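Next come the chains, spelled out residue by residue.
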Amino acid sequence: MICNLCPRKCAALRTDTRGEGRCGMPSLPVVARAALHQWEEPPLSGTRGAGTVFFSGCPLGCVFCQNESISHENFGRPISVERLRAIFQELIDQGAHNIDLVNPTHFAHAVLQALEEPLPVPVVWNSGGYDAPETLRALEGKVDIYLPDLKYLRPETAARYSDAPDYPEVACAAILEMYRQTGPCVYDEEGLLRRGVIIRHLVLPGRLSEAKAVMDWVAEHFEPGQVLFSLMSQYIPWGRAAEFPEINRKLRPSEARSARQYMDALGLSGFTQEDSSAASTFIPSFDLTGVEKPAL
């Protein structure tokens, strides 16, 4: 395939075995882990966990990515679309409340094929927010819940930390398209999310003003309760963060507290993290769990 799925539009050749694009991935889906996950937002994890499928590769270049072994180092195993669909069913059989597709942007074509027949649980598109609106439109009716990041609103910050100066424009347009598809949040009788958008923002050290700008954008574009906002304080220096002295430290408790207070003042509905979440123990083990076909 000649790929233009993500906003980079690199028109790269992707075959079954190799990829020449920014994501570095072949056309077959590459998966590093598939398992029940208890660390998503409460209406996604519920009591049994979200059925997370972690894809390898990424069109972004975030220098602080905690999943760098799969996003930048491309650890994972290529599988067929048929195997991907079987993984979805295996997670459902284990009790997953939903199928949570983590970093699926560059595998949208495979996801569409795997979801040709509807699943009995909601499908979650869990991305970095760097999604082309036209690619998202192709997913309409297949994805029930969108879980995008809104990392930055300043192009210079996006360029420095993710090599994507167009990120603010792209992510904002993507989120508006996501909401157009889902509308306001809908819950089931157990309080689990069935449909809607949750916008995530990870507060970076020394970037409190930018976190506030992100929250301002959400408050300006959505009425209270239309979307959920997830304010994340789990940042720890990771990946190439040591090359950027201004973010080569943990988030100070005072920064996280100020961000939470601002979220409250704006009346944004959603979630915040405790300071204790800034620990490497919350990073999943990428060890091909659930990827191989179970032995008979």
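Use the structure listed above.
Residues numbered from 1 in each chain as written. Predicted model: local features only at pLDDT ≥ 70, side-chain atom pairs only at ≥ 80, totals over all residues. Heavy atoms only, no water.

### Side note on the overall build of the protein
Across its full length, the protein carries nine helices and 12 strands. Taken over C-alpha atoms, the radius of gyration comes to 18 Å for the protein, in line with the 19 Å a tight globule of 296 residues would show. With respect to the three principal axes, the spread of C-alpha positions in the protein is 50 × 45 × 35 Å. Every one of the 296 residues in the protein was classed for burial, and the buried ones make up 55%. Considering only contacts in the protein between residues 6 or more positions apart, those separated by 24 or more positions represent 68%. Of the roughly 12,400 Å² that the protein leaves accessible, carbon and sulfur atoms contribute 51%. If the 28 positive side-chain charges of the protein are averaged to one point and the 37 negative ones to another, these points end up 3 Å apart. (Helix = DSSP H or I, 4+ residues; strand = E, 2+ residues; numbered from the N terminus. Rg over C-alpha atoms; globule rule 2.2 N^0.38 Å. Buried < 20%, exposed > 50% of the residue type's maximum accessible area, 1.4 Å probe, protein only. Contact = heavy atoms within 4.5 Å. Areas by Shrake-Rupley, 256 points an atom, 1.4 Å probe, with all protein chains shown as cover. Lys, Arg positive; Asp, Glu negative; His and termini not counted. Charge placed at Lys NZ, Arg CZ, Asp CG, Glu CD.)

### Regarding the pairing of strand E8 (residues 145-148)
Of the two faces of E8, the one carrying Ile 145 and Leu 147 and the one carrying Tyr 146 and Pro 148 are both buried. Note: strand E7 (residues 123-127) against E8, four bridges, orientation parallel. Following the sheet pairing, Val 124 is matched in E8 by Ile 145. Crossover handedness for the path E7 to helix H5 (residues 133-138) to E8: right-handed. Sheet analysis places E8 next to strand E10 (residues 193-202), joined by two bridges and oriented parallel. Bridge pairing in E10 places Tyr 146 opposite Val 197. (Pairing = 2+ DSSP bridges. Right-handed = clockwise from strand over helix to strand, strands pointing away.)

### Describing the environment of Phe 271
On the secondary structure map, Phe 271 appears in strand E12 (residues 270-272). Measuring from C-alpha to C-alpha, the distance between Phe 271 and Phe 229 comes to 6.3 Å, with 42 residues separating the pair along the chain. Apart from the residues lying within four places of it in its own chain, the contact partners of Phe 271 are Glu 41, Pro 42, Pro 43, Leu 228, Phe 229, Ser 230, Leu 231 and Met 263.

### Focus: helix H8 (residues 208-221)
Taking 1.5 Å per residue, 14 residues should reach 20 Å; H8 reaches 20 Å between its end C-alpha atoms and fits that length. Every buried residue of H8 is accounted for by Glu 210, Ala 211, Val 214, Met 215, Trp 217 and Val 218. An end-on view of H8 places all buried positions within 150° of arc, on one side of the element. In the core, the buried residues of H8 are packed alongside helix H6 (155-162), helix H7 (167-182), E10, strand E11 (228-232) and helix H9 (253-266). (Expected span 1.5 Å × (residues − 1). Arc of directions from axis to C-beta.)

### Some points on the packing of aromatic side chains
Summed over all chains, the structure comprises eight aromatic pairs. Ring geometry for Tyr 130 versus Tyr 167: centroids 6.1 Å apart, planes at 15°, classification stacked. With Tyr 130 in the loop between E7 and H5 and Tyr 167 in helix H7, this pair connects stretches of sequence that are 37 residues apart. Side by side, Tyr 130 and Tyr 167 carry an identical accessibility label, which is buried. For the pair Tyr 161 and Phe 244, a centre-to-centre distance of 5.8 Å together with 75° between the ring planes defines the contact as edge-to-face. Pair noted here: Tyr 161 is in helix H6 and Phe 244 is in the loop between E11 and H9, with a separation of 83 residues, a long-range link. On the basis of relative accessible area, Phe 244 is assigned to the buried category, the value being 8%. Ring pairs connect the aromatic residues Tyr 130, Tyr 152 and Tyr 167, which therefore count as one cluster. (Phe/Tyr/Trp six-rings, centres within 6.5 Å; stacked < 30°, edge-to-face > 60°.)

### Focus: the pairing of strand E4 (residues 50-55)
Each regular strand shows side chains that alternate between the opposite faces of the sheet. Counted residue by residue, E4 has six buried out of six residues, so it is predominantly covered. Side chains Ala 50, Thr 52 and Phe 54 of E4 all project onto a buried face; the interleaved residues Gly 51, Val 53 and Phe 55 project onto the opposite face, where all are buried too. Here six bridges tie strand E3 (residues 30-37) to E4, and the two strands are oriented antiparallel to one another. Its bridge partner lying in E4, Arg 33 is registered against Phe 54. Alignment of E4 against strand E6 (residues 99-102), held across four bridges, turns out to be parallel.

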